[in-house]
Amino acid sequence: MKKIAIAVISLLVTACGIVDKIRGKDDELKPLEPNPVPAITQEVTLQRAWSFNVGGGKQVGLRPAMGANAVFIANPGGGVAAVDFESGSVEWRTRLDMTITGGVGTG
């Protein structure tokens, strides 16, 4: 009896798809069209307020870290400095007796 019930249910479920095909309904999804790319207009003009060279030539991927009031910078040769974010003045600068291979951090 279970086998007959399973067969009848299977037949009814597959029949739903056949009825849709007979009516002309298409099961395939239509591809979506991409949204048009909006035009980008320039909204801001940037001006350099200050710059600072910590030395060391190539920086080899060392990136500065932003603190609350200062930018912390290092170079591979051991130079490390903190520069005031607003004015660009050096808060402190030191040279370590080692090669720096990882960037600086704040916290």
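Quick note: structure is the one above.
These notes cover the structure that comes with them.

Criteria and cut-off values
- Along each chain, residues carry numbers from 1 onward, in the same order as the chain's sequence is written.
- Side-chain atom pairs in this predicted model are given and counted only at pLDDT of 80 or more, local residue features only at pLDDT of at least 70, and totals for whole chains, interfaces and linings cover all residues.
- Only hydrogens and water are set aside; all other atoms, that is, all heavy atoms of the structure, feed into the side-chain values.
- In this scheme, a residue with accessible area under 20% of its type's maximum is buried, one over 50% is exposed, and one in between is partly exposed, where area comes from a 1.4 Å probe on protein chains only.
- Strands here are runs of E lasting at least two residues and helices are runs of H or I lasting at least four, both read from the DSSP assignment and numbered beginning at the N terminus.
- When DSSP finds two or more bridges between a pair of strands, those strands are recorded as paired.

**Examining the pairing of strand S2 (residues 70–74)**
Burial of S2 is extensive: four of the five residues sit out of reach of the surface. As defined by bridge partners, strand S1 (residues 65–66) adjoins S2 across two bridges and the pair is classed as antiparallel. Counted as the bridge partner of Met66 is Val71 from S2. Connecting S1 to the next strand, S2, in antiparallel fashion are three residues.

**A short note on the pairing of strand S3 (residues 79–84)**
A large share of S3 lies buried, amounting to six of its six residues. Judged by which residues are buried, S3 turns out to be covered on both faces: Gly79, Ala81 and Val83 on one side and Val80, Ala82 and Asp84 on the other are all buried. Examined bridge by bridge, S2 and S3 share five bridges and lie antiparallel to one another. Among the inter-strand pairings, Ala70 is bridged to a residue of S3, identified as Asp84. Here five bridges tie S3 to strand S4 (residues 90–95), and the two strands are oriented antiparallel to one another. Bridged to Ala82 within S4 is Trp92. Adjacent in sequence and paired antiparallel, S3 and S4 are bridged by five residues, among which Gly88 carries a positive phi angle near 85°.

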